[in-house]
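Structure assessment
So you can see what is in the structure, the chains are spelled out below.
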Amino acid sequence: MRYGLIAGSSRFPVLALEEARRLGHEVVVVALKDHAPPEVERLAARCYWITIAELGRLIDILKSEGITEVIMAGQVKHTSLFSSLRPDWRLFRVLMSLEQRNTDALIGAVQKELEREGIRLADSTLLLKPLLAGEGVLTRRAPDGEERKDIEYGRRVANALAALDIGQSVAVSERACVAVEAMEGTDAMLRRAASLVNGRPLRLVKVSRRRAHLLFDVPVAGPGTIRTMAETGATALAVDAGRTLLLDRDEMLALADQHGITVIGYPPEGE
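Let us look at the structure shown here. (Residues numbered from 1 in each chain as written. Predicted model: local features only at pLDDT ≥ 70, side-chain atom pairs only at ≥ 80, totals over all residues. Heavy atoms only, no water.)

A word on the packing of helix α8 (residues 223-232) against helix α9 (residues 249-258). Direction vectors running N to C along α8 and α9 enclose 15°, while the axes themselves pass 8 Å from each other. When the axis of α8 is compared with that of α9, the two are roughly parallel. Crossing hand, α8 versus α9: left-handed. When α8 is examined against α9, the residues P223, I226 and R227 are found in contact with a partner set consisting of E251, M252, L255 and A256. Per-class residue counts for the contact of α8 with α9 are 5 nonpolar, no polar and 2 charged. (Axes fitted to C-alpha atoms, helices over the stretch in contact; angles between N-to-C directions. Helix = DSSP H or I, 4+ residues; strand = E, 2+ residues; numbered from the N terminus. Parallel < 35°, antiparallel > 145°, perpendicular 65-115°, else oblique. Left-handed = near helix turned anticlockwise from the far one by under 90°. Contact = heavy atoms within 4.5 Å. Nonpolar A, V, L, I, M, F, W, Y, C, P; charged D, E, K, R; others polar.)

Right, dumping it as structure tokens:
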């Protein structure tokens, strides 16, 4: 098979490309400057670097390469929406058509632009299904009673916020929501939360958007998440099973065990 891949940040695009190579797929990468890791060049059949503001160039590259199916892999910093980059005419037109500039609205509009050109946006986990979190306790240690109470509370809060496209993660301590992830990302949110709780333990809850597909903005956790949790005194991580990518999974869970952190997958809300 031949795919296009729009590469954002984190290990997600690298792992997807490694799996594509193992399966014999040819992948043309369009890498986002200041986001994508440099390793994508080595793993791609061809690699083009663009800014997040160049929607027209993205479409031109995919069409010139004969790509009809493209995967979005990796995160895009939401603060990029407020960067000094000037959108090209195509992205400007998309932005002007939006009533809201949240993730769903923006990527949904980009998806429609691609479809007009005969390019289908495919499931972003297409090549990495084995890395999706399973259901149940994934580490040696299960959550204790206090952690479970915080997680249950945090999941109610996180699912309500995700439905509003505010963020996918919350930090909870003693049944209080200490911090909500917005544009700054999970690590910055955890560090902010740690500054507010005076050494009390935190629990991190990540949920997926309430949508039927996994085309974009899939929740991700990895070794870096665990290191930040250890740094900030977070003792438990709860994720949506089947809808959250655990990058470098073995290393991540070994680190969690090393730091006494429990990781658990819950059935997504509504399932």
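On to the nonpolar core. Grouped together as the largest cluster of nonpolar side chains are 27 residues, with contacts concentrated most on L5, V29 and L245. Elements represented by at least two residues in this core include exactly β1 (2-7), α1 (12-23), β2 (26-32), α2 (40-43) and β4 (69-73). Ranked by the residues each element gives to this core, the list is headed by α1, at 6 residues. Excluding residues within four positions of it along the chain, L245 makes contact with F12, T125, L128, L131, L132, V218, P219, V220 and A221. In terms of nonpolar packing, the next biggest core, distinct from the first, is built from 25 residues, I6, V70, L91 and L114 among them. (Core = buried A, V, L, I, M, F, W, Y, C linked by side-chain atoms within 4.5 Å. Buried < 20%, exposed > 50% of the residue type's maximum accessible area, 1.4 Å probe, protein only.)

A separate point is the environment of E41. For E41, the location among the structural elements is in helix α2. Residue E41 is classed as partly exposed on the basis of its relative accessible area, which comes to 46%. On a C-alpha basis, the gap between E41 and D240 in space is 31 Å, while along the polypeptide they are 199 residues apart. Excluding residues that lie within four positions of it along the chain, E41 makes contacts with C47 and W49.

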